Amino acid sequence: VARADAQGLDVEMPFAGETAVLQMLGPLDHPGIGTGVLCLLVLPLLALRHALEGEGLSALLARLNAQARLHAFHAESLPALGGWAPDPNSGHPALAAFVPAPLAHGEVLTDLVMAQLARALLLARCFDAAVEEPAALARLLAEAI
């Protein structure tokens, strides 16, 4: 399900039996870099039973951020913009990326939306797999990110 209006875009997608949300919001003011667009991918991980839930949210966010920074950029890789933090509305892990206005033209935003949707689908597969061993789920997440 997708909705668009003057404030942005909301996309709801299935995620391991729950619903993930991708939002593009703008124009928004950033205190350090000016006006731009915020891309927010919220994954409903707190609603899921999974092998890494015993780590707690802080450790899971640290793992997601560390894994996102590990990979070198390749032509076929997903853009690694932003960072993982708790969503202020739901508390679920959210990947937030702010794109300054001079860079926020149609192709950049389209590529970012498509990359975030692909990232959500890849991560959903990890949780759909119902892996019971933490190390195995961690490997799947590293490959997906």
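Preceding this section is the structure that the text describes.
Now for a look at the structure at hand. Just so it is clear, the structure is predicted and the values come from calculations on it, not from any experiment.

A look at the nonpolar core
Inference 1: Counting residues in hydrophobic clusters, the biggest one holds 33 residues, and the most contacted among them are Phe15, Leu22, Leu43, Leu123, Phe127 and Leu141.
Inference 2: Where this core is concerned, the elements lending two or more residues are β2 (8-15), β3 (18-30), β4 (34-42), α1 (57-70), β6 (93-100), α2 (106-128) and α3 (134-144).
Inference 3: If you tally residues by element for this core, the top one is α2, at nine residues.

Observations regarding the side chain of Gln116
Inference 1: Here Gln116 lies in helix α2.
Inference 2: Residue classification places Gln116 among the buried residues on the basis of a relative accessible area of 0%.

Here we look at the sheet that holds strand β1 (residues 2-5)
Inference 1: Taken in spatial order, the six strands of this open sheet run β1-β2-β3-β4-β6-β5, and their pairing is antiparallel. Each end of this open sheet is capped by a strand with a single partner; those strands are β1 and β5 (83-86). Averaged over neighbouring strand pairs, the angle between their axes works out to 20° when direction is ignored.
Inference 2: In this structure, β2 lies alongside β3, joined through eight bridges in antiparallel fashion. Note that in β3 the partner of Glu12 across the bridge is Val21.
Inference 3: Along the sheet face, α2 touches β2, β3, β4, β5 and β6 and points at about 20° away from the line of β2.

Observations regarding the packing of aromatic side chains
Each aromatic ring pair is summarised here by two numbers: the centre-to-centre distance and the angle between the ring planes.
Inference 1: Taken as a whole and judged by the stated rule, the model has one aromatic pair.
Inference 2: Both rings, one in Phe15 and one in Phe127, keep their centres 6.0 Å apart while their planes meet at 45°; by these two values the pair is tilted. Taken together, the positions of Phe15 in strand β2 and Phe127 in helix α2 put the pair 112 residues apart, joining distant regions of the chain.
Inference 3: The exposure class of Phe15 is buried, given its relative accessible area of 0%.
Inference 4: By relative accessible area, which is 11% here, Phe127 ends up buried.

What counts, and where the lines are drawn
Residues numbered from 1 in each chain as written. Predicted model: local features only at pLDDT ≥ 70, side-chain atom pairs only at ≥ 80, totals over all residues. Heavy atoms only, no water. Core = buried A, V, L, I, M, F, W, Y, C linked by side-chain atoms within 4.5 Å. Buried < 20%, exposed > 50% of the residue type's maximum accessible area, 1.4 Å probe, protein only. Helix = DSSP H or I, 4+ residues; strand = E, 2+ residues; numbered from the N terminus. Pairing = 2+ DSSP bridges. Axes fitted to C-alpha atoms, helices over the stretch in contact; angles between N-to-C directions. Contact = heavy atoms within 4.5 Å. Phe/Tyr/Trp six-rings, centres within 6.5 Å; stacked < 30°, edge-to-face > 60°.

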